[in-house]
Amino acid sequence: MGVDPALPSEGYRLTIGPDGATITGGGEAGVFWGRQTLRQLLGPDAYRRAPIRPAPRALPYLTIEDEPRFAWRGLLLDVARHFMPKDGVLRYLDLMAAHKLNVLHLHLTDDQGWRVEIRRRPRLTEVGAWRRRTRLGWGDPPMWDERPHGGFYTQDDLREIVAYAAARHITVVPEIDVPGHSQAAIAAYPELGNADVVDTASLEVRTGWGVSPNVLAPTDQVLRFYEDVLTEVLEIFPSRFVHIGGDECPKDQWRASATAQARIRAEGLRDEAELQSWFIRHFDRWLAERGRRLIGWDEILEGGLADGAAVASWQGYAGGITAARAGHDVVMCPMQEVYLDHRQADGDDEPVPFGWVRTLRDVYRFEPVPPELAGTEHAARIIGTQANMWTEVADSQQRVDYQVFPRLAAFAEVAWSHLPAPDERDVEDFRRRMDAAHYARLDAMGVAYRPPSGPLPWQRRPGIPGRPFAGPPRERNRP
């Protein structure tokens, strides 16, 4: 194994001949991805944690030269809604490495829980990491699991996760949500909320789903608080990008708040939408001063962005197209295509069915570069793509596995390979390869994936209502 700078940094050349296998990479990451390809050729048993057959496996003589299409090949894990213990995160890093994915977007804070230890602000985990009960599914009237739920990662836990990821050439990008999705933080520190409008001292960590109306107050005190938070976050995560959310921020409390209205006047802002942009711009500058780059959901486009900010386009393609044309880097993760919490089939057997039907075929035909940008100078602004796994109704490792796999295998091929146009992709060939080898690899890694024939009896959740979306997928806020 060696490094050849003439190859792309993540590219590799794998040669198998009479003297064995040789891997040459453009960098250490390329060597690592070449090893993953060799592992595939060795068969499913190579994915077990210990060898079970000592005899060497015969391999065909061949040469493979390969490199990824995108620099950002990501998976979002939402550990805020349902906490995933550290060992589960480490396991997912192994699964990502096996699929040549290189960015773990760790969604650490939300209304339903705060999962990162901040030593300057201990109540964030003492209070914000725990909720007294959890809504089951999406039915009305709501059903409840009355058991308390929670957990958090110590800073050393997160350093371990970062180091484990780095050894697999995976970058961990943390997400700390502002100014919406912040009820857990407000429950811990009521002064963060709009106390002149609501009794923030009475708020608890949110127990249900949906978008909370309780958002951060636009005060200097709140800015200093989150600067303290992010100072510690930067000490843990060396990633160039830091995600600050920026999505789904209701403006009703700001409209009713004398404090918020005074801030709008003082800053010369037109309205509450520009007040949200004021929040985002502050942290964009703050991160840039420390050599980092802000990335946020596509709502951060409202009001304009600084040059260094990047956009994760989740509501559809439109935000990513706008951002790319304006000169911003974009990670494409449209909910209509690669939200893995969405159901995989019609019918009552799918456990707690949510969202649109997104099959293995649908994910394999996902194209990160929209036709509006293809062949233009703006296409280079699509730096990557990401599949998102939200966990409102995924309360265990087995449930996350069911939603993520096998669709993540299809996504990984899209993110790595230079595939034909979506309608020219050979979906049947992909399915044959899944059947011939990859399901066996997932079995060897202990993945509780959804079988092609449908959920196994113990994977179903009868009696817990979901929230399926009718009709074909469509862009959010568009007819």
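Bear in mind that the values here come from a model prediction, so they are computed numbers and not experimental data.

(A) Region of interest: the sheet that holds strand β15 (residues 293–297). With parallel pairing, eight strands are arranged side by side around a closed barrel as β5-β6-β13-β14-β15-β16-β17-β19. Looking at each pair of strands side by side, their axes are set apart by 30 degrees on average, direction ignored. Relative to strand β16 (residues 310–313), β15 runs parallel, the two being bridged by three bridges. Across the sheet, residue I295 finds its bridge partner in β16, namely A310. Helix α10 (residues 318–325) rests against β16, β17 (330–332) and β19 (382–389) of the sheet, and its axis sits at about 160 degrees to β17.

(B) Focus on the sheet that holds strand β4 (residues 62–66). Pairing within the open sheet is mixed, and its four strands lie in the order β1-β3-β2-β4. One side of each edge strand has no neighbouring strand; the edge strands of this open sheet are β1 (2–3) and β4. Sheet analysis places strand β2 (residues 12–17) next to β4, joined by five bridges and oriented antiparallel. Pairing of R13 across the sheet is with E65, part of β4. Each of β1, β2, β3 (20–25) and β4 touches helix α1 (residues 28–42); the most contacted strand, β2, lies at about 40 degrees to it.

(C) Looking closely at the state of the cysteines. On inspection of all chains with the given rule, the structure shows zero disulfides. With no disulfide of its own, C249 lies 19 Å from the sulfur of C333, the closest cysteine sulfur. The exposure class assigned to C249 is buried, which follows from its relative accessible area of 7%.

(D) Structural context of the pairing of β16. Burial of the side chains of β16 extends over both faces: A310 and A312 are buried on one face and V311 and S313 on the other. Pairing geometry for β16 and β17, over three bridges, is parallel. Within the sheet, the bridge partner assigned to A312 lies in β17 and is V331. A crossover connection joins β16 to the parallel β17 through α10; in handedness this β-α-β unit is right-handed.

(E) Just the pattern of salt bridges, in detail. The final tally for this structure, using the stated rule, is 38 salt bridges. With a closest N to O distance of 2.8 Å, E160 and K86 form a salt bridge. Of this pair, E160 sits in helix α4 (residues 155–166) while K86 sits in helix α2 (residues 86–98); the two residues are 74 residues apart in sequence, bridging distant segments of the chain. Taking the relative accessible area as the measure of exposure, E160 reaches 34% and is therefore partly exposed. Of the residues examined, K86 reaches a relative accessible area of 23% and is grouped as partly exposed. Linking D94 and R168 is a salt bridge whose minimum nitrogen-to-oxygen distance equals 2.8 Å. Taken as a pair, D94 in helix α2 and R168 in the loop between α4 and β13 (171–178) lie far apart in primary sequence, 74 residues in all. Take D94: its relative accessible area is 25%, and that puts it in the partly exposed class.

What counts as what
- Position numbers for residues count from 1 along each chain, tracking the sequence in the order it is written.
- Reporting in this predicted model follows two pLDDT cut-offs: at least 70 for local features of residues, and 80 or more for side-chain atom pairs to be given and counted; totals over whole chains, interfaces and linings ignore these cut-offs and use all residues.
- Each side-chain value is worked out from all heavy atoms of the structure, with water and hydrogens disregarded.
- Two strands make a pair as long as DSSP finds a minimum of two bridges between them.
- Numbered from the N terminus, helices here are DSSP runs of H or I no shorter than four residues, and strands are runs of E no shorter than two.
- Note on definitions: angles span 0 to 180 degrees between N-to-C directions of axes, and those axes are lines fitted to C-alpha atoms, for helices only across the stretch in contact.
- In what follows, residue pairs with any heavy atoms lying within 4.5 Å of each other are defined as contacts.
- Two cysteine sulfur atoms make up a disulfide if the distance between them is within 2.5 Å.
- Accessibility here uses a 1.4 Å probe with only protein chains present; expressed as a share of the type maximum, an area under 20% marks a residue as buried, one over 50% as exposed, and anything in between as partly exposed.
- Handedness of a crossover is defined as follows: orient the strands so they point away from the viewer, and if the path from the first strand over the helix to the second runs clockwise, the crossover is right-handed.
- Take a side-chain nitrogen of Lys or Arg and a carboxyl oxygen of Asp or Glu: if they are within 4 Å of each other, that pair is a salt bridge.

So, to be careful, I would describe these as geometric facts and stop short of saying anything about function.
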